[in-house]
Amino acid sequence: MSYSIELLKETTNVLKKAFKDKKLRIHPVPKKDEVLTSWIVRLAVSNGFTPYSFMSVHFKPFYYLLRQDTDASDKSEFYEMLSYKTGIDLNRIKELSLASYDGIVFMIDEKVNKRPFLLYLTNRGGYNTTYGYRYCPFCLREEEFLRKQHRLIFSTVCLKHKVFLLDRCPNCNKPLSPFIWRNIKTFHFHCPHCQYQYKDAVELTEKVPEESKTLYYQEKLYKIIEEAKFEFEGREYFSVLFFPALYYIAGMLFKLENVSRNKNKTELKIKYDLLEKEIQLIKPQKSEGIKTISLYSLTVKEHALLFTTAMDILSSKENFDRFVRENKITFSQLNMKNNKSYQPFWYERLINDYKKERYVSTEEAKHAIEYLRKQGIKPSMAKLSNLLGSTLE
């Protein structure tokens, strides 16, 4: 047994040396909107390797990326090596990465949660344990690759086939783990747990109701990304200034209700006519087997519900005002700065209408200072503002 292991290691090392600087004989061209993981898998299988052995033999210095979110990687050395071995233009390879959304969807200089719209991937033993990939079986039947747009949390439907995306194996309910390729004889994306081929799930998809606004707002989101701009109240702005507000409003919807659940479906109590209609149309099912509920652990339909509603709220000043007044949302709740989040200037102007400033008299200020001192707290402008409920300058 030990001899066999040593022979295997020796053979592997010989292969690594032999292929180290060799260019790949077969290198399929990346598809439009293909995500990096998908292309690496297609490269590996086309050249007769499983993805893990392919990375070990051809890209050993970057093998560790398989245990991370490879799509979110911005390792320029890895891209350069891919470009050298495939002959594919370096910039084209960079487009496969989710980092290509930086400055369009993601704030480049954002230090905390750099890419908030990215579906999380966690990995254990090579298998993904979270539902970070989504797919349309109809699209896989037409052209078999995973789409970059589908890694974004607000991507919930296929515009072409008008169905809700799937985010797991329909047969065993496990998350997609594209790098675990059990059957080297097949060129089809399949589940590593039960070998179910995802393209065969067409009959298990669900049509988006014609009356739903989900498809409409999904298309608008993709258009904002494509054009790198958005329009609000007749003025155009860079797209990167829109997504922080969208993320905040969707998060607010989630927090206000904490997505109230019963045994069969999600029910939101927020007063907003579109939301009520979408609940009846979409009938979102609750997330199962989740101990800690977060915005990222919701189902595809729940995300469709939240982001369709958030898009409608931010579609006009009138809709925004109706949402705020009907639900008695306070300025403090609207203010992104309270959560130490970046607040775009257009959104700040929008919420300033709900800022209730009041005059603070000298007497009030003196009493507040005296109170803080009695409590053993050193008075400051921030503490006074918080205590008096008004911003002091």
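These numbers were taken from a predicted model, which means no experiment stands behind them.

Conventions and cut-offs
- Residues numbered from 1 in each chain as written.
- Predicted model: local features only at pLDDT ≥ 70, side-chain atom pairs only at ≥ 80, totals over all residues.
- Heavy atoms only, no water.
- Helix = DSSP H or I, 4+ residues; strand = E, 2+ residues; numbered from the N terminus.
- Buried < 20%, exposed > 50% of the residue type's maximum accessible area, 1.4 Å probe, protein only.
- Contact = heavy atoms within 4.5 Å.
- Salt bridge = Lys/Arg side-chain N within 4 Å of Asp/Glu carboxyl O.
- Phe/Tyr/Trp six-rings, centres within 6.5 Å; stacked < 30°, edge-to-face > 60°.
- Lys NZ or Arg CZ within 6 Å of the ring centre and 35° of its normal.
- Axes fitted to C-alpha atoms, helices over the stretch in contact; angles between N-to-C directions.
- Parallel < 35°, antiparallel > 145°, perpendicular 65-115°, else oblique.
- Left-handed = near helix turned anticlockwise from the far one by under 90°.
- Nonpolar A, V, L, I, M, F, W, Y, C, P; charged D, E, K, R; others polar.
- Expected span 1.5 Å × (residues − 1).
- Core = buried A, V, L, I, M, F, W, Y, C linked by side-chain atoms within 4.5 Å.
- Pairing = 2+ DSSP bridges.

**Q** Can you lay out the overall build of the protein chain for me, pointing to particular residues and giving the numbers?
**A** The number of helices and strands found in the protein chain is 15 helices and six strands. Considering the protein chain as a whole, with its 393 residues, one finds that 49% of them fall into the buried category. Considering only residue pairs separated by 6 or more positions, the protein chain has 61% of its internal contacts joining residues 24 or more positions apart.

**Q** Before we move on, could you go through the pattern of salt bridges and cite the residues and values that matter?
**A** A side chain of one charge can pair with a side chain of the opposite charge if their charged atoms are brought near each other. For the coordinates displayed, the defined rule picks out 16 salt bridges. In this structure, R42 and E34 form a salt bridge, with 2.8 Å as the shortest nitrogen-oxygen distance. In this structure, D200 engages K199 in a salt bridge whose closest nitrogen and oxygen atoms are separated by 3.3 Å. Where salt bridges share partners, they join D69, D71 and R151 into one cluster.

**Q** Pulling in residues and values, what's your account of the packing of aromatic side chains?
**A** One pass over the structure, following the stated rule, counts 29 aromatic pairs. Seen in terms of ring centroids, Y272 and F323 are 6.2 Å apart; in terms of plane orientation they differ by 85°. Their pairing is edge-to-face. Remark: F323 occurs in helix α11 (residues 317-326) and Y272 occurs in the loop between α8 (243-257) and α9 (273-282); sequence separation between them is 51 residues. By the burial criterion, Y272 is buried, and F323 matches it. Cation over ring: K148 sits above Y101, and NZ or CZ is 4.7 Å from the ring centre.

**Q** Explain the side chain of T205 to me, using residue names and the numbers behind them.
**A** Following the sequence through the fold, T205 ends up in the loop between β4 (163-164) and α7 (214-227). The class for T205 is buried, based on a relative accessible area of 16%. Excluding residues that lie within four positions of it along the chain, T205 makes contacts with P137, F138, V163 and L166.

**Q** Let's hear about the packing of α7 against helix α10 (residues 300-313): which residues, and what values?
**A** Two numbers describe how α7 lies on α10: the axes approach to 9 Å, and their chain directions differ by 70°. Taken together, the axis directions place α7 and α10 in an arrangement best described as roughly perpendicular. Note that α7 runs across α10; the crossing there is left-handed. Where α7 approaches α10, its residues T214, Y217, K220 and L221 are matched on the opposing element by A304, T308, M311 and D312. Across the contact of α7 with α10, the residue classes break down as four nonpolar, two polar and two charged.

**Q** Residues and numbers for unusual backbone geometry, please.
**A** In this model, A228 sits at a positive phi of 60°, which is unusual for a non-glycine residue. Structurally, A228 can be placed in the loop between α7 and β5 (229-232).

**Q** Describe the packing of α9 against α10, and please don't skip the residues or the numbers.
**A** The interhelical angle for the contact between α9 and α10, taken along N-to-C directions, is 155°, at an axis separation of 10 Å. In terms of orientation, α9 and α10 fall into the roughly antiparallel class. In the packing of α9 onto α10, the handedness of the crossing is right-handed. Residues L274, L275, E278, I279 and I282 of α9 touch α10, and the partners they reach there are K301, A304, L305, T308, T309 and D312. Of the residues assigned to the contact of α9 with α10, the class counts are six nonpolar, two polar and three charged.

**Q** Pulling in residues and values, what's your account of α10?
**A** Counted at 1.5 Å a residue, the expected span for α10 with its 14 residues is 20 Å, and the 20 Å between its end C-alpha atoms agrees. Where burial is concerned, most of α10 is hidden: 14 out of the 14 residues are buried.

**Q** Please provide a residue-by-residue account of the nonpolar core, values included.
**A** Counting 58 residues, the largest nonpolar core has F117, F242, F243, L246, F320, W346 and Y347 as its most contacted members. Secondary structure elements with two or more residues in this core: α7, β5, α8, α9, α10, α11 and α13 (345-351). In terms of residue count, α8 provides more of this core than any other element does, nine residues in total. Y347 has contacts with A245, Y248, I249, F320, L334 and M336, leaving out every residue within four places of it along the chain. Grouped together as the second largest cluster of nonpolar side chains are 40 residues, L43, F49, M55 and Y133 included.

**Q** Any details on the pairing of β5? Residues and values, ideally.
**A** The two faces of β5 differ: F230 and F232 on one face are buried, but K229 and E231 on the other face are not. Where β5 meets strand β6 (residues 235-238), four bridges bridge the pair, whose relative direction is antiparallel. The residue bridging F232 from the neighbouring strand is R235, located in β6. Linking β5 to β6, which pair antiparallel, is a turn of two residues; within it E233 sits at a positive phi near 50°.

**Q** Now, about the environment of L166: what can you tell me, with residues and values included?
**A** Tracing the backbone through its elements, the reader meets L166 in the loop between β4 and α7. When its relative accessible area of 17% is taken as the criterion, L166 is described as buried. With sequence-adjacent residues up to four places away left out, L166 is seen in contact with Y133, R134, Y135, P137, A201 and T205.

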